[in-house]
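Next come the chains, spelled out residue by residue.
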Amino acid sequence: MKPITPGDTETPRATAAVPAAELTLEGTGVSRGIAIGIIHRHDAEAVRVPEYKLPLARVEAEKARFAEAAERAGRQVAQLQMKAEGLDGAAAEELGYLLDAYQQMLHGSRLIRGVHRRIETDRVNAEAAVQREIDEIARGFEAMEDSYLSARVADIRDLGRRLIRNLTGAPYRPFQVLPKNAIILAEELTPADTALLDPKQVAGLATVLGGAESHTAIMARSLGLPAVLGVAGLMRGVRSGDLAIIDGRAGKVILNPRPEVLETYRHHRAEFLRGRRALTRLKDVAAVTKDGARIQLQANIELPGEVDSVLAAGAEGIGLLRSEFLFMNREDIPGEDEQFHILKDLVTRMAGRPVTIRTLDVGGDKLAQGLGIVTGANPSLGLRAVRLSLSRPELLDAQLAAGLRVSAYGPVKILVPLVATVEEMRAVREAMDNVVKRLKRKGVPMSDPLPPLGVMIEVPGAALAADALAWHADFFAIGTNDLTQYTLAIDRADESVAHLYNPLHPAVLRLIQFSAEAALRARIPVCVCGEVAGDPRFTALLLGLGIRDLSMSATNIPVVKQRIRAMDLVAATRRARVIMDQSDSARIAQLLDGFNEGED
Ligand code: PEP
Ligand code: MG
């Protein structure tokens, strides 16, 4: 790919012989803004395999270097095998078979023999020998026209990548070589991949898979990257190096735009950026309705690096720290001390503003390789979030201890995700009491009183049992993303049902209302931290339902604040009452949009 200089960031590659025709594709716009840049196909990103010739004298040393890398791979797989044993039933069995197969491949198999032979006869370095051998084995398997065997090709390649990573010492790091102003196009981006995107380098993204409330979409919003997901046919015929436009509001991807289209979008982009800059003026004013109700606006964050944008947006605290992102893109698990140091830095930088640390919510569409979780047929209904934490007490204890220790450096709350039963909260509370005792014995400083322990209300059963849960919780955080997903049985990350995902369904609204009222009855604080909190369309309704604390992606704080400052709470409450009497989502949307447009 032609390297693009900073002043030349919208120039497509010069090598394209015939300029490709303009093509407009549609999907779900999940993060607003307009990006104009150079396409980078994520799937074409090969693992970098160094290749060089070996002098005869180096052959034995190279074989020893390979043996060491294979031995290390054996230890890594053994670690995964240990974790797999802790899993239940079919999942353990499935992963067990795969890992056994890896171990066999690592010990005297054709792969190992082939790599040795290539080092000896081709006289190439071990990385190149692995790549060549894997390619040859894969070609053989693919030719067998047996779907089971050709699926094993992926496993062989996976093991090959592990060996190459061990040899080069380089961890998996995609997006290392990008044109400036890159537009990332991919079949699918995992939340962990998306967390690696640097907004200074990347202008926007689009994928074939993924729904509006997937964690990939949430991550794109947090990073302020215009994004369109669920774009059918996106990867057909696109070339890295060509020009593309992402329109994150309209949900459009325009490949190879004509000059006049480009000009129009440059104009739209300038306008969008002007609007966003104008809103930053609201940073230091309070979020108060016209009739004087004070609303707390906090930020959701995934990565500690987001603290600067949280402060720049004028957030009053961090209402949701998705701690699972600390576990992603690495093969090991961060221990208590490492978590403590990351959190201490974050809490210190928040300078007295509250920080709500959520315990691990891995599972569903978020995975962390170090944890070796195997997803069942229904990952969102499986060993996710608090269920995982309670099944791996060492993980929970380390997280609780890190959270408790940082409470000495600023106001901290601890939040438990995906709680469905009172028993789960009792178990977490007991674990926390034990950790407190251990830390006290060691004389570790902690806040007094200790950090409040909250429940995320995101399972319909938890919302319906909110009165009982309120007895066991110091606060509630309503997670409308999952609450909508589980109430309507719609996978929030699945683009094929994205059009059915609707937080304005009366059932979802009733669950929000019921939870908010249960919190008020129990006199515990309640906040909404799902994506609706950051969409000004929903603000009047949430406030009308009694919510006074919203937590959202930092980039949305200014627009929500603007909405609050233009709103009358008494009128919003009246409108919410009318809305709650409706049984039809379309009518609800009409009533809400009408109110937002000024009808009273
Ligand atoms: C939610 O479910 O609304 C929520 C805030 O949690 P997450 O998006 O991380 O699942
Ligand atoms: Mg959730």
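To be clear, the structure that these remarks concern was listed above.
Quick caveat: nothing in here was measured; it's all calculated off a predicted structure.

## A few points about the packing of helix α16 (residues 480-488) against helix α17 (residues 506-522)
In the contact formed by α16 and α17, the axes pass within 10 Å of each other and the chain directions differ by 130°. Classified by the angle between their axes, α16 and α17 sit oblique to one another. In this structure, the crossing between α16 and α17 has a hand that is right-handed. Residues Thr480, Leu483, Thr484, Thr487 and Leu488 of α16 pack against Ala507, Val508, Leu511 and Ile512 of α17. Considering only residue class, the contact of α16 with α17 consists of six nonpolar, three polar and no charged.

## Observations regarding the site of ligand 1
Taken together, 17 residues lie around ligand 1, and Arg322, Arg358, Gly479, Asn481 and Arg492 are the ones closest in. Note that an oxygen atom of ligand 1 is positioned 2.9 Å from one of the side-chain N or O atoms of histidine 215. Contact distances for ligand 1 include 2.7 Å between an oxygen atom and a side-chain N or O atom of arginine 492. In isolation ligand 1 has 290 Å² of accessible area, and contact with the protein removes 100% of it. The greatest single-element share of the shell around ligand 1, amounting to three residues, is contributed by α16. Taken together, the residues that form the shell around ligand 1 break down as four nonpolar, five polar and eight charged.

## Focus: the sheet that holds strand β1 (residues 23-26)
Sheet strands pair via backbone hydrogen bonds, and the direction of the pair is either parallel or antiparallel. Strand order in this open sheet of eight strands is β1-β8-β7-β3-β4-β5-β6-β2, and the pairing throughout is mixed. Each edge of the open sheet is held by one strand with a lone partner, namely β1 and β2 (28-31). Each strand axis lies, on average, 30° off the axis of its neighbour in the sheet, ignoring direction. The pairing of strand β7 (residues 243-247) with strand β8 (residues 252-255) spans four bridges and is classified as antiparallel. Across the sheet, residue alanine 244 finds its bridge partner in β8, namely leucine 255. The strands touched by helix α7 (residues 215-223) within the sheet are β2, β5 (202-207) and β6 (227-229), with β2 carrying the most contacts at an inclination of about 50°. Across the sheet, helix α8 (residues 259-279) lies against β3 (34-41), β7 and β8, angled at about 120° from β3, the strand it touches most.

## Topic: the pattern of salt bridges
Counted according to the given criterion, the structure contains 39 salt bridges. The salt bridge partner of aspartate 593 is arginine 537, with a shortest N-O separation of 2.9 Å. Here aspartate 593 is found in helix α21 (residues 585-596), whereas its partner arginine 537 is found in helix α18 (residues 536-544), with 56 residues between them in sequence. On the basis of relative accessibility, which here comes to 25%, the residue aspartate 593 falls in the partly exposed class. Among the ionic contacts, a cluster of salt bridges with common partners joins Glu51, Arg110, Arg117, Arg118, Asp122, Arg132, Glu133 and Glu136.

Parameters at a glance
Residues numbered from 1 in each chain as written. Chains lettered and ligands numbered in written order. Predicted model: local features only at pLDDT ≥ 70, side-chain atom pairs only at ≥ 80, totals over all residues. Heavy atoms only, no water. Axes fitted to C-alpha atoms, helices over the stretch in contact; angles between N-to-C directions. Helix = DSSP H or I, 4+ residues; strand = E, 2+ residues; numbered from the N terminus. Parallel < 35°, antiparallel > 145°, perpendicular 65-115°, else oblique. Left-handed = near helix turned anticlockwise from the far one by under 90°. Contact = heavy atoms within 4.5 Å. Nonpolar A, V, L, I, M, F, W, Y, C, P; charged D, E, K, R; others polar. Near = heavy atom within 4 Å. Polar contact = N/O pair within 3.5 Å; in protein donor to acceptor, adjacent residues only side chain to side chain. Areas by Shrake-Rupley, 256 points an atom, 1.4 Å probe, with all protein chains shown as cover. Pairing = 2+ DSSP bridges. Salt bridge = Lys/Arg side-chain N within 4 Å of Asp/Glu carboxyl O. Buried < 20%, exposed > 50% of the residue type's maximum accessible area, 1.4 Å probe, protein only.

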